[in-house]
Every structure is written in structure tokens, then in C-alpha cells.
Amino acid sequence: MKIFKRALISIISLALISGCGNSVAREEAVLNEEGNIVVRIGQQVQPNSKFPEGDSYEENAYRRLIEEKLGAKIETAFEANGDDYERQVSLAIASGELPDIMTVSINELVELAENDLIEDLSQVYEENASNRIKEIYQSFDNVQLEAAKIDGKLMGLPGVVNDFGPNLIWIRQDWVDNLNIDIDSDGDKVINLKELEQIAQEFIDKDPGNSGKMQGLAFANWLSSDSHGGSAFTANAILNSFGAYPKIYLNKDNEIVYGSNTDEMKEGLSYLNDLYERGLLDQQFGTRTFDDITAMMINNEIGILTGPWHLSDWNLVQGRTTNKEANWVPYAIENEQGKVSGVQKPGVGSFVVVRKGFSNPELAVKIINLIYDEVPNSENLKDEFPEMYEYAKQSVDGSARPMNIELFNNLSEITDAVESVKAAKGEISIDEVSSFVIKNNAEKIQNYLEKEIESDPTDWAVYASRLLALNNVMNGVREAGIYEEISPVVYFKTLEAAERNGAQISKLEEETFIKFITGEESIENFDSYKNTWKSQGGEEIIKEMKEAVSE
């Protein structure tokens, strides 16, 4: 059992913090036997973290580095994955027993701030954040920082999310090649709906995976997503090709409209119903879960999946691990005019918050500086941060970081990928690449290009996400001048009307759209659905959205 001692640090104990108009004396710092400040955190974890032997979420290179460089010993207050983590946060809020630092959602941030449970980080951010961290937020016009402010006070340190579409169609290219299917003849990595239908039909008819259960297309029952990052196994790419942008709010002719309720959405749903009636869409659509579709992918029961550019890194790599011949290649979907559509929506991820009264709130900012600036921007990571170097080589999941957020410059994924590809192909020297992350990705791509099937699955995953998805498709459609980017209305805070009725109308939308697609209900009832959506709270949300945007 570890022995803790309390030490009164005069400067800390006499310092006053300002929060919600009150001045509160800071707590004493809790020090361990080595004299390091003990910081208790709520930790988001993942089932496939890829830790080297001996490391874990409780003891790992990130925590050792923080202790060495900042004199702070990270301890776990609670750890959980997904919905379980949200439940742990809710329990902590309800009991008032918060860890010193944790990541929370926008709604939890507001609740914590309104109940005076977290620190105002305005001053510690301004005084301690590195220039590079500030530049990251500035590249998004500081929209994430604004989202983290309550009554003008910075109540959390936000992660960034960048929806910069288009959503992609990932296809088993090894099956396409084996069946001699002729698609994408011009090699621009863009296909149309007819080509997509052809591939789905060929896969069903000829069962190249020899599974006896081959499906053409499959979508999770929620059908669509309001973000690029959450678009795995959704119909976003197909719906976007009809000019439909579900689950986001759009400004049309100076009027705010809901993207799931447009004429274009009706046309897209009608098309999906046609795919279902022809057997090209999974006949169990409406009941399939995300895990079901992942299992279908691993078991060679499906060769077409939808998702974001990084789908290979965290999902398809599972199939590649069990079958090294599985070669998923991403394509964009073009509309009848030969254009590719997508959404540009600077978003916000989780927020790092600090418990009210914690002795050293500046540590949250200093940890972010260290993990998201000093380490990734090191010019000699191998010598300066050797354990971080090994983690990068082994592709240890980012959830190993004590704060599981993302911080990167706007659109930097594309520019970084382009540089990685050039280095991997010898167009520039890998040694000339200053960023270790870019250099490491270049080496993984190079490893795959040299070994292909014999390469490590993580090499393939980086090759697929950076070279095929980001370089070839995401950057390719922009350079070709065929990308049409939609900018939706962006508002981060939860509207009162959405809090009251959001879950209800979301359930209405998803359940009704399942019926439209499966033919249980005629698509001609689309206007009736819209009227019900409005009456059950949608109209109030639109009204509040207009007021919020005008303010």
C-alpha cells in the first residue's frame, strides 16, 4: 500500500482561485513518498490499447514521463470504456466526488460549471499553454475555446474534431481484382452509385469470401451520423451524393433547416429502399449492431463498408490481422454531376476539466503541453523521449494518454499524410522530415510497400489511412476540383429544447427511416414524418437554434 503524506505548500495554500464569483482557498497538495504531487484522474480506456508487455493504463510511459518532467504522479480514480466511462462520470458528478482531472462531454461540462464543481482555467491557460497549443485552437478560429466558455470563463480545455469529408466507401480490393470487376477505370478513386451496385451484386453472386453469408451493403441501425469521425457503417457517403446531409443543421436561403428533413434526404431514402428491395442491402438492416458488422467484416461475409478516412486504423485492421490478404481500399462517391460532396464542420471533442479547489490546476495545461506539443514535435524523439518512441513504433492507442483528447491543426491530417507519402516513396528524404509522427507514418507506409502481405497489420493500416484515404482520396478530390464542401450551422452548447425533446425526435427519425428503407412504411409518408418531428419538439429546436445563432 502506498503511503501518502500531506505537505502544506505555502504559495499554493495561500493562493486564491476565482470561480463563479467566489474566492476559494486552494487545497493542500497531496505528495507521495518521492515528493511528487499526486493527481487522480478519470481515464477513458480502449479494449485494444496495444501496450507493450508490463505496461497498463495504471502504469505506462505517459505517466512515467509526466512524473519525470512535471513532478506529478498520475493515479487512477476510475477507468472505463465507452458508455461505462460516461456512467462513471455521471456517478462522480452526482456524488460530488470528482477526480482531480478528467475528460467530459459538453453537457457534462455545463453541468459541472453550473454546480461550481470545476476550475475556471482562463488564467492558467493564458499563462501556461505553449504557443503551439494556442496555434492549434487559432487554426480553428478558436471555436473550440469558445465552446468551453461558460459566462465568459474557460471551464475546460477542449479537444478538437475536424469533419472535412467526404465520407468513404471501403471495398475489398483483393476480391475486386480476383473477380476482374472493372471499376474506377480512370484511377481517380471516385466511383458512382452504379459502380457501387455492380460491386455489391458481384460479391453477393460470387461470394469471394467463401462464407456462404455474403452481403452487399450493410449499415448500422442508426443509419447516419452528424460527424465524419462517427460515420463508420452509416449511409452518409451515399446520402451526401444526393445532396442530403443528415443530422446536421443547414442554412438554406437564410433559413435554418434540419438536414434529415430535406427533399434530398427523401430521395436518398428512396434509393436505399430500392437497394433493400433488390437484395443489395442487408436484409437484417434495422437490427444489425456495430459489432455485428465488424464480425461480418472479420468473417469475410461483407466486402463493402462505409466510414471515415481512419477506419483502417481502428476497425479494418482487425480483419487484416486475421486475414493478411484482406486489402480494403477507400473510394469517394460522386453524384450525377461528377462532384463529390462532404461536410466541413470544425467540431469539439471531449473537454479536460479540473476539480474545483485542486491544488495545481496548471498541471492540466502543462501535461497537455508535454504530451501534445513537446513529444510530437521533438526533433529527436528516439533520444529525447525513448519510451514515447517505442510507443509510436508499436502504435500504442492514444487512449493511453491520461487525457484522451485530440489536438491537431485544422486539416493537418491531410498535409501530414501528403508529406508522409512523399517521404515513403522517396520523393523527399525521410531524414529531412522534422515531425516524428510524419516520419513514423512514412516508415510504416514504406514497410508496407516493400512487403505488402508479409507486412505488419499496423503498417497496412497506416498505409490505407494515410496513403489511400488521405493522400489519394481526401486530398485527391480537392486537387481535382471536384469536391463540394458544405458548411453547416455550428453550435456546440445543448439547446434547452434539444435537451427536452432531442432523444425523442432522434428515436422517431431512426425508427421511421428504418421503416422507409425496409418498405414497412411508404416513403410517400415522408411529409407526415416531418410534421410529427416538428410537433414532437423539432420546431422548438429550430426556433432556439435561430435565436442562438443570431446572438
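Keep in mind that this is a model prediction, so the values were computed, not measured.

1. Regarding the overall build of the protein
- Across its full length, the protein holds 21 helices and 18 strands.
- The C-alpha radius of gyration computed for the protein amounts to 25 Å, which stays within 12% of the reference 24 Å derived for 551 residues, consistent with globular compactness.
- If you line up the protein on its principal axes, its C-alpha atoms span 75 × 60 × 45 Å.
- By residue count, 55% of the 551 residues in the protein fall in the buried class.
- Taking contacts inside the protein between residues at least 6 apart in sequence as the whole, the part at least 24 apart equals 74%.

2. Observations concerning unusual backbone geometry
- The residue after Gly165, namely Pro166, is reached through a cis peptide bond having omega 0°.
- Assignment of secondary structure puts Pro166 in the loop between β10 (157-164) and β11 (168-172).
- You will see that Asn210, though not glycine, has its phi angle at about 50°, which is positive.
- Structurally, Asn210 is set in the loop between α9 (193-206) and α10 (236-240).
- Here the phi dihedral of Glu452 falls at roughly 50°; this positive angle occurs in a residue that is not glycine.
- Here Glu452 falls in the partly exposed class, since its relative accessible area comes to 41%.

3. Describing the pairing of strand β7 (residues 101-104)
- With burial as the criterion, each face of β7 is covered, one bearing Ile101 and Thr103 and the other bearing Met102 and Val104.
- In this structure, β7 lies alongside strand β17 (residues 340-354), joined through 4 bridges in antiparallel fashion. In the sheet register, Met102 faces β17, and the bridge partner there is Val353.

4. What about the packing of aromatic side chains?
- In the structure shown here, the tally under the stated rule is 19 aromatic pairs.
- A centroid spacing of 5.3 Å and a plane angle of 55° characterise the contact between Tyr389 and Phe436, whose relative ring orientation is tilted. One end of the pair, Tyr389, is in helix α16 (residues 386-393); the other, Phe436, is in helix α18 (residues 436-451), and 47 residues separate them in sequence.
- For Tyr389, a relative accessible area of 15% corresponds to the buried category.
- For Phe436, a relative accessible area of 9% gives the class buried.
- Ring pairing ties together the aromatic residues Phe51, Tyr57, Tyr62 and Tyr391, which thus form one cluster.
- If you follow Lys134 out to its NZ or CZ, it ends over the ring of Tyr125, 5.8 Å from the centre.

5. A few points about the environment of Ala129
- Note that Ala129 resides in the loop between α5 (122-128) and α6 (131-139).
- With residues up to four places along the chain from it excluded, the contact list for Ala129 reads Val124, Lys134, Val365 and Asn369.

6. What about the packing of helix α12 (residues 290-298) against helix α13 (residues 311-322)?
- Across the interface, α12 lies against α13 with an axial gap of 9 Å and an inter-helix angle of 35°. For the element pair α12 and α13, the recorded crossing hand is right-handed. Judged by residue contacts, Phe290, Thr294, Met297 and Ile298 of α12 engage Trp314, Asn315, Leu316, Gln318, Gly319 and Thr322 from α13.
- A class-by-class count of the residues in the contact of α12 with α13 yields 5 nonpolar, 5 polar and no charged.

7. Overview of the environment of Ile368
- Assignment of secondary structure puts Ile368 in helix α14 (residues 362-374).
- With 96 residues separating them along the chain, Ile368 and Ala464 place their C-alpha atoms 29 Å apart.
- Excluding anything up to four places from it in sequence, Ile368 contacts Ile133, Leu157, Val352, Asp373, Met403, Ile405 and Leu407.

8. So, the confidence of the model for the protein
- Mean pLDDT for the protein: 92, with 95% of residues reaching 70 or above.
- Considering only residues more than four positions removed or in separate chains, one finds that residues 1-23, a stretch of pLDDT under 50, has 50 contacts.

9. Points about the sheet that holds strand β15 (residues 304-307)
- Overall, mixed pairing links the 4 strands, which are arranged β12-β16-β11-β15 in an open sheet. Only two strands of the sheet have a single neighbouring strand rather than two, namely β12 (190-191) and β15.
- As paired elements, β11 and β15 share 4 bridges and run antiparallel to each other. Its bridge partner lying in β15, Leu168 is registered against Gly307.

10. Quick look at α14
- The element α14 is extensively covered by neighbouring structure, given that 10 of its 13 residues are classed as buried.
- Of all the residues in α14, the buried ones are Leu363, Ala364, Val365, Ile367, Ile368, Asn369, Leu370, Ile371, Tyr372 and Asp373.

11. Notes on a negative patch on the surface
- Negative charge collects at one region of the surface, where Glu111, Glu114, Asp151, Glu496 and Glu499 lie side by side.
- Elements represented by at least two residues in the negative patch include exactly α4 (106-114) and α20 (496-518).
- Along the chain, Glu114 turns up in helix α4.

Reading the values: the criteria
Residues numbered from 1 in each chain as written. Predicted model: local features only at pLDDT ≥ 70, side-chain atom pairs only at ≥ 80, totals over all residues. Heavy atoms only, no water. Helix = DSSP H or I, 4+ residues; strand = E, 2+ residues; numbered from the N terminus. Rg over C-alpha atoms; globule rule 2.2 N^0.38 Å. Buried < 20%, exposed > 50% of the residue type's maximum accessible area, 1.4 Å probe, protein only. Contact = heavy atoms within 4.5 Å. Pairing = 2+ DSSP bridges. Phe/Tyr/Trp six-rings, centres within 6.5 Å; stacked < 30°, edge-to-face > 60°. Lys NZ or Arg CZ within 6 Å of the ring centre and 35° of its normal. Axes fitted to C-alpha atoms, helices over the stretch in contact; angles between N-to-C directions. Left-handed = near helix turned anticlockwise from the far one by under 90°. Nonpolar A, V, L, I, M, F, W, Y, C, P; charged D, E, K, R; others polar. pLDDT = per-residue confidence, 0-100. Patch = residues over 30% accessible without salt bridge, like charges linked within 9 Å, V, L, I, M, F, W, Y side chains within 5 Å. Areas by Shrake-Rupley, 256 points an atom, 1.4 Å probe, with all protein chains shown as cover. Salt bridge = Lys/Arg side-chain N within 4 Å of Asp/Glu carboxyl O. Lys, Arg positive; Asp, Glu negative; His and termini not counted. Charge placed at Lys NZ, Arg CZ, Asp CG, Glu CD.

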